[in-house]
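Coordinate inspection notes
Given next are the chains, with one letter for each unit.
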Amino acid sequence: MGLQAPLWRAVTVFRVAALVYATVLMLAGFRDFTRPWLGWAVLAAMIAWTAVTGVRYHDPAGRNRTWLAADLAVTLVCLLASTLVVPAAKLGTGGPTLPMAWVAGAVLVWALRGGRRAGGIAALIIGAADLFLRGEVTSATVNGTVLLLLAGGVMGYVSRLTDDAETRLQRATELEAATRERERLARGIHDSVLQVLALVQRRGTELGGEAAELGRLAGEQEAVLRALVGVHDTAPTAGSADLRLLLGRHGSPRVTVAMPATPVLLPAAVAAELAAAAGTALDNVATHCGPGARAWVLVEQEPDAVTVSIRDDGPGIAPGRLAEAAASGRLGVAQSIQGRIRDLGGAVAITSGPGQGTEVELRVPLPRLG
């Protein structure tokens, strides 16, 4: 039924209570009516319509624009019928109309279905009809319209809050289900795949030769799997991605990835480009620093930026080497790293020296997630 279901039931209860009040007033003053029979007919119509809308609005499918328009139309007819029943002099001095507070029911359902703006529109329409009845602006007309606007505004605001709460509840439910599934898979992987990979790594190292290389590869895959099942996803906003998940895939015995414990949420396109630039830097370490080189990846989230640092213990880059590579058409650093970060509005700082290793710092401004 959703979190709004109690609000729709509350509107039905309000209409019943307002109907009882209108009935009491009619019983007390029907002798002054110019057409009492028409007053009772209007009351019967209000009773029937309250019952119909109570049943109709109980089903979410019945809360459509057609029924809301019909609801407002019936309310206006019952209100305008007061000109044929209640003496004009009584209406002109602020006397009660036939439906009285019952007319607020239409405003409430419009606000509940369409928000504050829709509730305000319904309130102004009913206020204009009330002004037409009385023929002049009176305190009763102004006060009634203001109360209707306030009721529509409050109900519209509450409706938006319940929509937001329902969305968050749905995300939390999905996250809980995903977390349970991840934990189930993690247990299965730990009990089977990770143990087998660890055994292959250990036995390959003991045997040596080609088996040692297979053992090394098995160890790398074991580290990657451990990182994947160890990072718990969160419920990102629409169109966003957690940078930790993208960079965590690079973890291995030779690559250490250090990340914050909390999600590093970025727009999906920004996170993908930043992770791709970091991946290119790690590929350069594997290509130019030899099979024994190690790398460290550090992710830092600041209030206005995200910084990814890739440091290695390789031989370093000789002065002028990057410029020579770009001039000869090898654009791995110039385009795949610096170009990507530049397009994101960020900056790249490369610190290196012969025999001192290399550090590549990728800094990207933190955009607002819509």
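All of the points below concern the structure found in this document. The residue count restarts for each chain, going from 1 along the sequence in the order it is written. For this predicted model, a pLDDT threshold of at least 70 governs which residues receive local features, and a threshold of 80 or more governs which side-chain atom pairs are given and counted, while totals over whole chains, interfaces and linings are taken from all residues. Side-chain numbers come from the whole structure's heavy atoms, not from hydrogens or water.

This brings us to the environment of Leu-43. Tracing the backbone through its elements, the reader meets Leu-43 in helix H2 (residues 36-56). For the pair Leu-43 and Cys-78, spaced 35 residues apart in sequence, the C-alpha to C-alpha distance is 8.3 Å. If near-sequence neighbours (up to four positions away) are discounted, Leu-43 is found in contact with Leu-19, Thr-23 and Met-26. Under the scheme used here, helices are H or I runs from DSSP no shorter than 4 residues and strands are E runs no shorter than 2 residues, and both carry numbers assigned from the N terminus. Contacts were defined at the residue level, with two residues in contact if any of their heavy atoms lie within 4.5 Å.

On to the pairing of strand E4 (residues 295-301). A strand pair is defined by DSSP finding two or more bridges across the two strands. Note that strand E2 (residues 255-258) and E4 share 4 bridges and pair parallel. Along E4, the bridge assignment pairs Val-257 with Val-297. Of the strand pairs in this sheet, E4 and strand E5 (residues 305-312) are connected by 7 bridges, and their pairing is antiparallel. Bridge assignment links Val-299 to a residue of E5, and that residue is Val-308. As consecutive antiparallel partners, E4 and E5 are separated by 3 residues.

A few words on helix H6 (residues 104-114). When a residue's accessible area, from a 1.4 Å probe over protein chains only, is under 20% of the maximum for its type it is buried; when over 50% it is exposed; and in between it is partly exposed. Buried residues dominate H6, accounting for 9 of its 11 residues. Considered for burial, the residues of H6 that qualify are Ala-104, Gly-105, Ala-106, Val-107, Leu-108, Val-109, Trp-110, Ala-111 and Leu-112. Looking one or two residues past H6, Gly-115 carries a phi angle of roughly 95 degrees, positive in sign.

By size, the foremost hydrophobic cluster in this structure holds 27 residues, and its most contacted members are Leu-243, Leu-247, Leu-266, Leu-274, Val-308, Ile-310 and Leu-362. For this core, the secondary-structure elements that each account for two or more residues are helix H11 (243-248), helix H12 (268-288), E4, E5, helix H14 (332-343) and strand E7 (358-365). For this core, the element with the most residues is H12, which contributes 9 residues. Buried Ala, Val, Leu, Ile, Met, Phe, Trp, Tyr and Cys residues that are joined via side-chain atoms within 4.5 Å together make up what is termed a nonpolar core. Among the nonpolar cores identified, the runner-up in size contains 25 residues, and Ala-104, Trp-110, Leu-148 and Met-155 belong to it.

On to the pattern of salt bridges, then. A carboxyl oxygen of Asp or Glu within 4 Å of a side-chain nitrogen of Lys or Arg is what we treat as a salt bridge. One pass over the structure, following the stated rule, counts 6 salt bridges. With a shortest N-O distance of 2.5 Å, Asp-71 and Arg-15 are connected by a salt bridge. Highlighted residues: Asp-71 in helix H3 (residues 65-80) and Arg-15 in helix H1 (residues 5-29), separated in sequence by 56 residues. Both residues of the pair, Asp-71 and Arg-15, belong to the buried class. A salt bridge links Arg-244 to Asp-242, with the nearest nitrogen and oxygen atoms 2.9 Å apart. Of the two residues examined, Arg-244 and Asp-242, each falls in the buried class.

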